[in-house]
Amino acid sequence: MLEKNVTLSLRGCVQGALMCIPVFPGIIVFGAVFGTVAAQKGLSFLEALLMNSIVFAGASQFVAMEIYSEPLDRPTLIAMVGITAAINMRMLLIGASLRPWLGQVPGYKTYPALFFLTDLNWLLTLSQYEKGTRDWGIYLGSGLIVWAVWSLSVIPGYFAGSLISDPKTFGLDLVLPAFFAALLVPLWKGKRQTVSWLIAGGVAWATWVLFGGYWSIFTGAVAGAFAGAYLDD
């Protein structure tokens, strides 16, 4: 049974969607770049479009394209599955952190909606929850709009991606990191958050330096989660 203060409304969905507007340039550029990479790897337009919309995981998609080769053999396929799974393990922790909110929503609504879970709408949702909002339309609306923009952005990239193949030229590679950093501010409550964030960043950086690759995403997330759970304020 739903708690009285947990709701889902069209207003909340619209609010969540509008909150994502500042990061549209970054989403569009990187979606377009993925379209370019997919075309260079030999994927058809339909394959690129479907992969972008169904996988819906930016970092994992780029990594998969780095490994992908024609013809696709079993070892390559296993490598693609393994490394993308490692990158997305952080979603286990991200999803668990939404339990206090979405845990009050019936499973037949929650589980399909988890498809739209991203780092972006997770941060938006968490920040709004901390402010007392209980309309999970914030989560659903932001997830839907990000998915729609990401899915459509592959189209110009596939056909004319060379025009924006280097987002650093325009500084657009900083849009998403800057937005995420700004969203962390209202989540800060004191020593535990500061220390856990520093530990997460330090472990991620050390993993990147020592081993390279994308394991730093997972190790940083796990280290930060354990630090936040066991450190006293």
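Conventions used here
Residues numbered from 1 in each chain as written. Predicted model: local features only at pLDDT ≥ 70, side-chain atom pairs only at ≥ 80, totals over all residues. Heavy atoms only, no water. Helix = DSSP H or I, 4+ residues; strand = E, 2+ residues; numbered from the N terminus. Buried < 20%, exposed > 50% of the residue type's maximum accessible area, 1.4 Å probe, protein only. Contact = heavy atoms within 4.5 Å. Areas by Shrake-Rupley, 256 points an atom, 1.4 Å probe, with all protein chains shown as cover. Axes fitted to C-alpha atoms, helices over the stretch in contact; angles between N-to-C directions. Parallel < 35°, antiparallel > 145°, perpendicular 65-115°, else oblique. Left-handed = near helix turned anticlockwise from the far one by under 90°. Nonpolar A, V, L, I, M, F, W, Y, C, P; charged D, E, K, R; others polar. Arc of directions from axis to C-beta. Core = buried A, V, L, I, M, F, W, Y, C linked by side-chain atoms within 4.5 Å.

It is not clear to me how the overall build of the protein should be interpreted in this structure. Could you clarify?
Check the secondary structure of the protein and you find 13 helices and zero strands. Secondary structure elements of the protein occur, N-terminal to C-terminal, as α-α-α-α-α-α-α-α-α-α-α-α-α. Looking at the protein residue by residue over its 233 residues, the buried ones come to 38%. Taking all contacts inside the protein whose residues are at least 6 apart in sequence as the whole, residues at least 24 apart take part in 79%. In the form shown here, the protein has an accessible surface area of approximately 12700 Å², with 71% of it arising from carbon and sulfur atoms.

How do you make sense of the environment of Val222 when you look at a structure like this?
Take Val222: it is sitting in helix H13 (residues 215–230). Note on Val222: relative accessible area 23%, which makes it partly exposed. Residues Val222 and Ile199, spaced 23 residues apart in sequence, show a C-alpha to C-alpha distance of 9.9 Å.

Where do I start with the packing of helix H3 (residues 45–55) against helix H4 (residues 58–67) in this structure?
For any two helices packed against each other, one specifies the inter-axial angle together with the distance between the axes. The contact between H3 and H4 brings their axes to 10 Å, and the two run at 140°. By the criterion of interaxial angle, the relationship of H3 to H4 is oblique. In the crossing of H3 with H4, the sense of the turn from one axis to the other is right-handed. Contact with H3, carried on its side by Met51, Asn52 and Val55, involves Gln61, Ala64 and Met65 of H4 and no other residues of that element. Residue classes in the contact of H3 with H4 are distributed as four nonpolar, two polar and no charged.

Looking at this structure, how should I read the side chain of Gln128?
Counting through the fold element by element, Gln128 comes out in helix H9 (residues 119–130). With residues up to four places along the chain from it excluded, the contact list for Gln128 reads Gln15, Met19, Thr133 and Ile138.

Any chance you could explain the packing of H4 against helix H5 (residues 74–88) here in plain terms?
Interhelical geometry of H4 versus H5 gives an angle of 155° and a closest axis separation of 9 Å. As far as their axial angle goes, H5 and H4 are roughly antiparallel. Classified by chirality, the crossing of H5 by H4 is right-handed. For the pair H4 and H5, the contacting residues are Ala59, Ser60, Val63, Ala64 and Ile67 in the first and Thr76, Ala79, Met80, Ile83, Thr84, Ile87 and Asn88 in the second. Here the residues of the contact of H4 with H5 are counted per class, giving eight nonpolar, four polar and no charged.

Teacher, can you tell me more about helix H1 (residues 10–19) here?
In an α-helix, one full turn covers 3.6 residues, which means residues spaced three or four apart are oriented alike. Where H1 is concerned, the buried positions are Gly12, Cys13, Gly16 and Ala17. The buried residues of H1 occupy an angular sector of 135° when projected down its axis, which confines them to one face. Facing away from the buried surface of H1 by more than 90 degrees, the exposed residues are Leu10, Arg11 and Leu18. Its buried side turned inward, H1 meets H9 and helix H10 (137–160).

Mind showing me how you'd approach unusual backbone geometry here?
In most cases, non-glycine residues show a negative phi, while peptide bonds are predominantly trans. Residue Phe56 is not a glycine yet carries a positive backbone phi of 50°. One can find Phe56 in the loop between H3 and H4. Under the relative-accessibility criterion, Phe56 is labelled buried at 9%.

Before we go on, may I ask you to explain the nonpolar core in this structure?
Burial of nonpolar side chains together is a common tendency in soluble globular proteins. Ranked by internal contacts, the top residues of the largest apolar core, which has 16 residues, are Leu98, Leu102, Leu117, Trp122, Trp136, Tyr139 and Leu140. For this core, the elements supplying multiple residues, two or more each, are helix H7 (99–102), H9 and H10. Considering each element in turn, this core owes the most residues, three residues, to H9. Ala38, Met80, Val154 and Tyr158 belong to the second largest nonpolar core, which has eleven residues in total.

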